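Chain and residue survey
Below, each chain spelled out in residue letters.
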Amino acid sequence: MSETHNFSSDSVEEIAKRIASETGGFTGGPIDRFGEVGRQTFKSLKAAGVRRTSKVLDVGCGALRLGYWLVRFLEADCYCGLDPNPKYVQAGLKHAIGEKVAKVKRPRFDHNMEFDFSVFGVKFDYIVARSIFSHASPEQVCKVLDSFRDNSSEIGVMLVSYRPLKKAEMGEKVVDVNKFGEWSWRRYGKTYLKQLAQERGLFAGNFGKPFNGQIWLRVSREDLSAAHASGPRKSAIADPDDD
């Protein structure tokens, strides 16, 4: 493993426990899956084609369960994170990243709640949003798609996970499970999400296999369907230690 990774000698499980002790238990999901979900998300990004020089935005970065892997992998000034809760981000910086790595990699963060990606002044090559569409209202989904369109590079790709409809719900656009308001628990129809993307001149389709009850929707500025089938952007799982 390259020295540029500079992983902590502490186990990911120990890091998750330390984060939880400062956030009131929040780590982005079950504490015992902090490492697994972060690593799996990172593998999905690698499979989508992310490179060390890619400019990447982590939407809903929280306590940096993905950031633990991604900040170390990317070159300096390539990682940005967006999350409305500064407390979670600070706990992640302290325990998942550490002062030494943060000084070298220089990750940047913003805490706006409007899914405004323009605050970074970057045209992102990759945007990743795990477990955002599983909560977001249709209006928020549209904000995310608009912000991706307006703040991505010409080869920009966004991976955003969502909970698919159940068989009995087929034909619906969206099902609000808990009815908690704007930020709830929701399941979306793939056809509806693709339609929202197409209305913005974007391309969208499922990517990879379901994981933890969700599946990735890959949104892009280019039509990657033919390329995906022929293999230039491979869908096989890549290892975080690969270049």
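Residue indices follow the written sequence of each chain, beginning from 1 at its first position. The predicted origin of the model limits local features to residues at a pLDDT of at least 70 and limits the giving and counting of side-chain atom pairs to 80 or more, whereas totals for whole chains, interfaces and linings rest on all residues. With hydrogens and water excluded, all non-hydrogen atoms of the structure serve as input to the side-chain values.

**Details of the overall build of the chain**
If you tally the helices and strands in the chain, you get eight helices and nine strands. A buried classification covers 51% of the 243 residues belonging to the chain. Taking the intrachain contacts of the chain between residues at least 6 apart in sequence as the baseline, contacts between residues at least 24 apart amount to 71%. Residue-level accessible areas treat just the shown protein chains as cover; the underlying method is Shrake-Rupley with a 1.4 Å probe. Looking at the chain as shown, the accessible area adds up to about 11500 Å², and 50% of this sits on carbon and sulfur atoms. Only runs of H or I of at least four residues qualify as helices and only runs of E of at least two qualify as strands under DSSP, and these elements are numbered from the N terminus. Throughout, exposure labels follow a simple rule: accessible area from a 1.4 Å probe, protein chains only, divided by the maximum for the residue type, with under 20% read as buried, over 50% as exposed, and the rest as partly exposed. Contacts are assigned to residue pairs with any non-hydrogen atoms lying within 4.5 Å of each other.

**Description of the sheet that holds strand 9 (residues 214-220)**
An order of 3-2-1-4-5-9-8 is seen for the seven strands of this open sheet, with the pairing classed as mixed. Every interior strand has two partners, whereas the edge strands, strand 3 (108-110) and strand 8 (203-211), have only one. Here the average twist between neighbouring strands, direction ignored, is 20°. Strand pairing is defined by DSSP finding a minimum of two bridges between the two strands. As paired strands, strand 8 and strand 9 are joined by six bridges and run antiparallel to one another. For every element, the axis is a line fit to its C-alpha atoms; helices are fit only across the contacting stretch, and the angle between N-to-C directions ranges from 0 to 180 degrees.

**Considering the state of the cysteines**
By disulfide we mean two sulfur atoms from cysteines, separated by a distance within 2.5 Å. For the structure on display, the rule yields zero disulfides. In this structure Cys61 is not part of a disulfide, and its nearest cysteine sulfur, from Cys80, lies 9.9 Å away.

**Considering the packing of aromatic side chains**
Aromatic rings in a pair are described by how distant their centres are and how their planes are angled relative to each other. In this scheme Phe, Tyr and Trp rings, the latter by its six-membered ring, pair at centre separations within 6.5 Å, and the angle between planes marks the pair as stacked below 30 degrees, edge-to-face above 60, and tilted otherwise. Inspection of every chain in the model, using the stated rule, returns six aromatic pairs. Ring geometry for Phe26 against Tyr88: centres 3.8 Å apart, planes inclined by 10°, an arrangement best described as stacked. With Phe26 in the loop between helix 1 (12-23) and helix 2 (34-48) and Tyr88 in helix 4 (residues 86-97), this residue pair connects regions lying 62 residues apart in the sequence. We classify Phe26 as partly exposed; its relative accessible area is 28%. In this scheme, Lys NZ or Arg CZ marks a charge over a ring once it lies within 6 Å of the ring centre and within 35 degrees of the ring normal. Sitting over the face of the ring of Trp216, Arg130 holds its NZ or CZ atom 5.6 Å from the ring centroid.

**Here we look at a nonpolar patch on the surface**
Only residues whose relative accessible area exceeds 30% and that form no salt bridge enter a patch; like-charged residues are grouped when within 9 Å of one another, and nonpolar side chains (Val, Leu, Ile, Met, Phe, Trp, Tyr) when within 5 Å. What makes a salt bridge here is a side-chain nitrogen of Lys or Arg within 4 Å of a carboxyl oxygen of Asp or Glu, nothing more. Side chains of Val177, Phe180 and Trp185 sit close together on the surface and give an oily, nonpolar patch of about 310 Å² of accessible area. Within the secondary structure, Phe180 is located in the loop between strand 6 (174-176) and strand 7 (186-188).

**Quick notes on unusual backbone geometry**
Located in the positive-phi region is Leu64, a residue other than glycine, with phi close to 70°. Along the polypeptide, Leu64 turns up in the loop between strand 1 (56-59) and helix 3 (67-73). A positive phi angle, near 55°, is found at Lys179, a position not held by glycine. Since its relative accessible area comes to 65%, Lys179 is described here as exposed.

**A few points about the confidence of the model for the chain**
With 89% of its residues at a pLDDT of 70 or more, the chain shows a mean pLDDT of 91. As a per-residue quantity, pLDDT reports the predictor's confidence and falls between 0 and 100. For residues 228-243, every residue scores under 50 in pLDDT, and the model assigns this stretch 42 contacts once sequence neighbours within four places are set aside.

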